[in-house]
Structure formats: C-alpha cells, structure tokens
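Take a look at the letters that make up each chain.
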Amino acid sequence: MIYEDIAEFAEALPFGAALAGLDLGTKTIGVSVSDRLRAVSTPLETIKRKKFGLDAEKLIVILKDREIGGIVLGLPRNMDGSEGARCQSTRAFARNFSQLWDGPISFWDERLSTVAAEKALLEADTSRRRRAEVIDHVAAGYILQGALDRLRFLGDAE
C-alpha cells in the first residue's frame, strides 16, 4: 500500500524490519537500506535501469534478501514545492511496484539530496569517476536518512 503521510506509513511498518530508500532516476535506481532499529541509512548499490519488470525483479531480490519491511521513495519536487513530470513518474513507479510487492511504500521530499551527496563525496576527496558510480545510492542514503529521522521524531512525540 502507498502512504502519502509518513505517520500513516510508520503505523503500517512491521516491527523491527529494516527500510529501503530509493532514488529513482531515468537511467539508474539508487538503493540504500537501514538497520533494523531504523537509526542509520547505508547506501547499498545503484541499479542500472532496463525495463520496469527487470528493475522490479532486482529490487524484490534485494528487499527479500535484506528482509525489508517498507520502502521510502525520493519524490523529486520542484524547488517551489510543485510536482512535475519526474514526480508523476515516481508515483507511477510506486503504483506499479505496489502490484508486485505488498509492503508499505511512502515518499520523501528529495530536493537537494543529490547536491548533499555530491558535496559529501567531494569532501571525502572521491574521484570524479567514483562519484559517478556511487552518487545515486549515496543520494538514496540521504533520502532514507531524512525519513528515518522523521520516523524517530514521530516515535519520540508519542
């Protein structure tokens, strides 16, 4: 099921299950995963996109192998907060993927996540070639960490 509200998403999550964060691009999908305590996001890998069915198959293998209980998709809003074609594409991916995987799915505003990832990689003195290889899953890590921090805040507020 797809949840627009992160609080409703939190309620739907299975206890003690890790989460996955996805940064959907037109050519790649960056994947990050959390620990079971949902405290820390770790960039995992970048999937080269082919066709939806093949991409979904690869994602499902990752989700099963890592016992993932929910997915946070980066929602690429425009800087003014509006939604354009990329948001529509992300929402379509979520709808299609939810037909193949029955765990909860939510969205997280990903504005500037790639910029933050690039900055972190530059500060780590990562080569240009290596940055190109890892930028998408590092950006997915920023997306997931933002959602994890919000989920933790929601849990503390109760």
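Criteria and thresholds
Residues numbered from 1 in each chain as written. Predicted model: local features only at pLDDT ≥ 70, side-chain atom pairs only at ≥ 80, totals over all residues. Heavy atoms only, no water. Helix = DSSP H or I, 4+ residues; strand = E, 2+ residues; numbered from the N terminus. Buried < 20%, exposed > 50% of the residue type's maximum accessible area, 1.4 Å probe, protein only. Phe/Tyr/Trp six-rings, centres within 6.5 Å; stacked < 30°, edge-to-face > 60°. Pairing = 2+ DSSP bridges. Core = buried A, V, L, I, M, F, W, Y, C linked by side-chain atoms within 4.5 Å. Contact = heavy atoms within 4.5 Å. Axes fitted to C-alpha atoms, helices over the stretch in contact; angles between N-to-C directions. Parallel < 35°, antiparallel > 145°, perpendicular 65-115°, else oblique. Left-handed = near helix turned anticlockwise from the far one by under 90°. Nonpolar A, V, L, I, M, F, W, Y, C, P; charged D, E, K, R; others polar. Salt bridge = Lys/Arg side-chain N within 4 Å of Asp/Glu carboxyl O.

Q: Explain unusual backbone geometry here, please?
A: Note on backbone geometry: most residues besides glycine have negative phi, and most peptide bonds are trans. For R38, which is not a glycine, the phi torsion comes out positive at approximately 60°. Relative to the elements of secondary structure, R38 occurs in the loop between β3 (28-34) and β4 (41-48). According to the relative accessible area criterion, R38 is buried, its value standing at 17%. One non-glycine residue with positive phi stands out, namely E67, at about 50°. Turning to its location among the elements, E67 is positioned in the loop between α2 (52-65) and β5 (68-75).

Q: Sorry if this is basic, but what is going on with the packing of aromatic side chains here?
A: Aromatic ring pairs: the centre-centre distance and the angle between the two ring planes describe each pair. Per the counting criterion, the structure on display carries three aromatic pairs. Relative to F93, the ring of F52 lies with its centre 5.4 Å away and its plane at 75°, an arrangement referred to as edge-to-face. With F52 in helix α2 and F93 in helix α3 (residues 85-98), this residue pair connects regions lying 41 residues apart in the sequence. Centroid distance F97 to W101: 6.2 Å. Interplanar angle 35°. Geometry classified as tilted. Neither residue differs from the other here; F97 and W101 are each classed as buried.

Q: Teacher, can you tell me more about the pairing of β5 here?
A: Taken residue by residue, a regular strand's side chains alternate between the two faces of the sheet. Most of β5 is tucked away: eight of the eight residues are buried. As paired elements, strand β2 (residues 18-24) and β5 share five bridges and run parallel to each other. Bridge pairing in β5 links G21 to V72. For β5 and strand β6 (residues 105-109), the ladder comprises five bridges, and the chain directions are parallel. In the sheet register, L73 faces β6, and the bridge partner there is F107.

Q: I would appreciate a short explanation of the nonpolar core in the present structure.
A: Counting 24 residues, the largest nonpolar core has L22, I29, L59, I71, L73, F93 and F97 as the members making the most contacts within it. Broken down by secondary-structure element, the contributors of at least two residues to this core are β2, β3, α2, β5, α3 and β6. Per-element accounting of this core gives the leading share, five residues, to α2. Beyond its immediate sequence surroundings of up to four residues, F97 is in contact with F52, A56, L59, I60, L63, I71 and I105. Core analysis: the second largest hydrophobic core is formed by twelve residues, Y3, L19, L144 and L154 among them.

Q: It is not clear to me how the packing of α2 against α3 should be interpreted in this structure. Could you clarify?
A: To characterise two packed helices, one gives the angle between the axes of the helices and the distance between these axes. One can describe the packing of α2 onto α3 by two numbers: an axis separation of 11 Å at closest approach and a directional angle of 65°. Considered as vectors, α2 and α3 are oriented roughly perpendicular to each other. Considering how the two elements wind past one another, α2 and α3 form a crossing that is right-handed. From α2, F52, A56, L59, I60 and L63 reach across to α3, where they touch F93, N96 and F97. Of the residues that constitute the contact of α2 with α3, the class distribution is seven nonpolar, one polar and no charged.

Q: Is there a simple way to explain the pattern of salt bridges in this structure?
A: Pairing between side chains of opposite charge can happen when the charged atoms of each approach one another. All told, the structure shown has six salt bridges when counted by the stated rule. When the shortest N-O distance is used, the salt bridge between R49 and D55 registers 3.3 Å. Of the residues examined, D55 reaches a relative accessible area of 3% and is grouped as buried. Here R86 ties to E110 by a salt bridge, and the two come within 3.7 Å at their closest N and O atoms. Here the residue R86 occupies a position in helix α3, and E110 occupies one in the loop between β6 and α4 (113-123), the gap between them amounting to 24 residues.

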